[in-house]
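Here are the chains, one letter per residue:
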Amino acid sequence: MMEPTKIRPKLVYSPGYDIRWLGIEKLHPLDGCKYGRTWKVLLDRFGDKLQSATITPTAATVELLQTIHTPEYLQQLTNSHYVAQVLELSSLDWVPNGILDRHVLQPMRLATMGTVIAAETALETGIAINLSGGYHHARRDLGAGFCVYSDIAIAIASLRQSGQLTATDSIAIIDLDAHQGNGLARIFECDRTVHILDMYNQNIYPQDRRAIERIDRNLPLTSGTRDAEYLDKLQQYLPSFLSSIERPKIAFYNAGTDIYEDDPLGRLKISAEGVLARDRFVFQTLVAARIPVVMVLSGGYTSESYQLVAKSVGEVWETWGL
Ligand SMILES: [Zn+2]
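Notes on the structure follow. Just so we're clear, the structure is a prediction, and the values are computed from it rather than from any experiment. (Residues numbered from 1 in each chain as written. Predicted model: local features only at pLDDT ≥ 70, side-chain atom pairs only at ≥ 80, totals over all residues. Heavy atoms only, no water.)

Digging into the overall build of the protein
Phase 1: Helices and strands together make up the secondary structure of the protein, namely twelve helices and eight strands.
Phase 2: Its C-alpha radius of gyration of 18 Å places the protein within 12% of the 20 Å reference for a compact globule of 322 residues.
Phase 3: Principal-axis analysis of the C-alpha atoms gives the protein an extent of 50 × 45 × 40 Å.
Phase 4: Across the protein, every contact between residues at least 6 apart in sequence was considered, and the portion connecting residues at least 24 apart equals 73%.
Phase 5: Charge centroids of the protein, computed over 31 positive and 37 negative side chains, lie 2 Å from each other. (Helix = DSSP H or I, 4+ residues; strand = E, 2+ residues; numbered from the N terminus. Rg over C-alpha atoms; globule rule 2.2 N^0.38 Å. Contact = heavy atoms within 4.5 Å. Lys, Arg positive; Asp, Glu negative; His and termini not counted. Charge placed at Lys NZ, Arg CZ, Asp CG, Glu CD.)

Given below as structure tokens:
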């Protein structure tokens, strides 16, 4: 069993995570460079120690993607029109697929592998943070809401395939992105060893009723929810969720910062201090319960998103990494 004293947080990051090409990063509210920006803030603050605790992934292979996604779906991703639709960027229709693949899908395949590596690592070190990923709307045969590959589902499949997890080992997904993680809920619709807690704004995308029925601990919020109510709910329900299920061998934490008050898509009203308090509570709860945790970034659509992430990750480093 992992001892809290042995926690050695690791980061997973590649400069290739950033999506920047001909101003594509300006077309979507997503800051395509938030990954690199977060990394730079952390590196400036922690220097060599952080660098030596960081793992650089290679891109996920087709074989790995096929542990979750259908061949037909992966074939569809060679069609620019389809990819543009998934990315919600119809203006990319005209772009040759090879270019989209290199500049948009390749960073996502790197990030997907990043989540796989973070999951393998967390089992040994207690905490691993992938500075990207969290594509929780992607399904086996459908991309949506800027999510192409289901990195968390692929990581789970990979751990099972390698024998690091058995098919019956309990797994937790704690999804605190502002949007409901409907892709994951659907992928694991019939897999009850995966336990899902999802707290999200029910007034925004995706409002997927079938997915909502699958969530083990469903915590819908309304637009405009503020810190006190948000943190109360989290503090009340996360511990009871964890004690209501078989002790998870690993927890995936989808730490979307689109709950932030200025976020144009999330529409919640959580302050920067609130975001930090949320992340602190999740890490402290999981570490106290000796559950290895993998954090992924998921949504966050303001120019300050990277600062929020860097603050939370920085605190993890100060608490357990130094
Ligand atoms: Zn989101």
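Notes on the pairing of strand β8 (residues 293-296)
Phase 1: Burial along β8 is two-sided: the residues Val293 and Met295 and Val294 and Val296 are all buried.
Phase 2: Pairing between strand β3 (residues 127-130) and β8: four bridges, direction parallel. Looking at the pairing, Ile129 lines up with Met295 of β8.
Phase 3: Where strand β7 (residues 250-254) lies against β8, four bridges are found, and the strand directions are parallel. (Buried < 20%, exposed > 50% of the residue type's maximum accessible area, 1.4 Å probe, protein only. Pairing = 2+ DSSP bridges.)

Focus on helix α12 (residues 305-321)
Phase 1: In a regular helix each residue adds 1.5 Å, so 17 residues correspond to 24 Å; α12 covers 22 Å between its end C-alpha atoms and thus fits that length.
Phase 2: Taken as a whole, α12 has its buried residues at Ser305, Tyr306, Leu308, Val309, Ala310, Ser312, Val313, Gly314, Val316 and Trp317.
Phase 3: In this fold, the buried residues of α12 make contact with β1 (10-12), α1 (34-46), α2 (48-52), β3, α11 (272-288) and β8. (Expected span 1.5 Å × (residues − 1).)

Here we look at the sheet that holds strand β2 (residues 54-55)
Phase 1: Within the open sheet, the eight strands sit side by side as β2-β1-β3-β8-β7-β4-β5-β6. Their pairing is parallel. At either end of the open sheet lies a strand with only one pairing partner, and these are β2 and β6 (217-221).
Phase 2: Across the sheet, helix α6 (residues 97-125) lies against β1, β2, β3, β7 and β8, angled at about 170 degrees from β3, the strand it touches most. (Axes fitted to C-alpha atoms, helices over the stretch in contact; angles between N-to-C directions.)

Focus on the coordination of the zinc ion
Phase 1: The protein atoms donating to the zinc ion are Asp177 (OD), His179 (ND1) and Asp258 (OD), with metal-donor distances spanning 1.9 to 2.1 Å.
Phase 2: Residue class for His179 comes out buried when judged on its relative accessible area of 8%.
Phase 3: Asp258 gets classed as buried once you look at its relative accessible area, which sits at 0%. (Donors = N, O, S within 2.8 Å, 3.2 Å for Na, K, Ca; no water.)

Some words on the packing of helix α10 (residues 227-244) against α11
Phase 1: One way to put it is that α10 packs onto α11 with a least axis distance of 11 Å and a crossing angle of 10 degrees. Relative to α11, α10 is oriented roughly parallel. Classified by chirality, the crossing of α11 by α10 is right-handed. Contact with α10, carried on its side by Asp227, Tyr230, Leu231, Leu234, Gln235, Leu238, Pro239 and Leu242, involves Gly274, Ala277, Arg278, Phe281, Val282, Thr285 and Leu286 of α11 and no other residues of that element. (Parallel < 35°, antiparallel > 145°, perpendicular 65-115°, else oblique. Left-handed = near helix turned anticlockwise from the far one by under 90°.)

Notes on the packing of aromatic side chains
Phase 1: This structure, assessed with the given rule, holds six aromatic pairs.
Phase 2: Look at Tyr17 and Tyr35: their rings are 6.4 Å apart centre to centre, the planes differ by 90 degrees, and that puts the pair in the edge-to-face class. Here the residue Tyr17 occupies a position in the loop between β1 and α1, and Tyr35 occupies one in helix α1, the gap between them amounting to 18 residues.
Phase 3: Exposure remark for Tyr17: the relative accessible area of 1% places this residue in the buried category.
Phase 4: Judged by centre distance (6.5 Å) and plane angle (45 degrees), the rings of Phe283 and Trp320 are tilted. Highlighted residues: Phe283 in helix α11 and Trp320 in helix α12, separated in sequence by 37 residues.
Phase 5: Judged by its relative accessible area of 2%, Phe283 falls in the buried class.
Phase 6: By the ring-pair criterion, three or more aromatic residues cluster together here, those being Tyr13, Tyr17, Tyr35 and Trp39. (Phe/Tyr/Trp six-rings, centres within 6.5 Å; stacked < 30°, edge-to-face > 60°.)

Digging into helix α7 (residues 151-161)
Phase 1: For α7, a buried count of nine out of eleven residues is recorded, marking the element as mostly surrounded by other parts of the structure.
Phase 2: Along α7, the residues classified as buried are Asp151, Ile152, Ala153, Ile154, Ala155, Ile156, Ala157, Ser158 and Leu159.
Phase 3: Downstream of α7 by a residue or two, Gly163 has a phi angle that is positive, lying close to 85 degrees.

Observations concerning unusual backbone geometry
Phase 1: At the junction of Tyr205 and Pro206, the peptide bond is cis and its omega measures out at 5 degrees in the coordinates.
Phase 2: Its place among the elements puts Pro206 in the loop between β5 (194-201) and α9 (209-214).
Phase 3: Its identity as a non-glycine residue notwithstanding, Gln207 has a phi of 50 degrees, on the positive side.
Phase 4: Along the chain, Gln207 falls in the loop between β5 and α9.

What to know about the nonpolar core
Phase 1: Counting 111 residues, the largest nonpolar core has Met108, Ile129 and Phe252 as its most contacted members.
Phase 2: The element that contributes the greatest number of residues to this core is α6, accounting for twelve residues. (Core = buried A, V, L, I, M, F, W, Y, C linked by side-chain atoms within 4.5 Å.)

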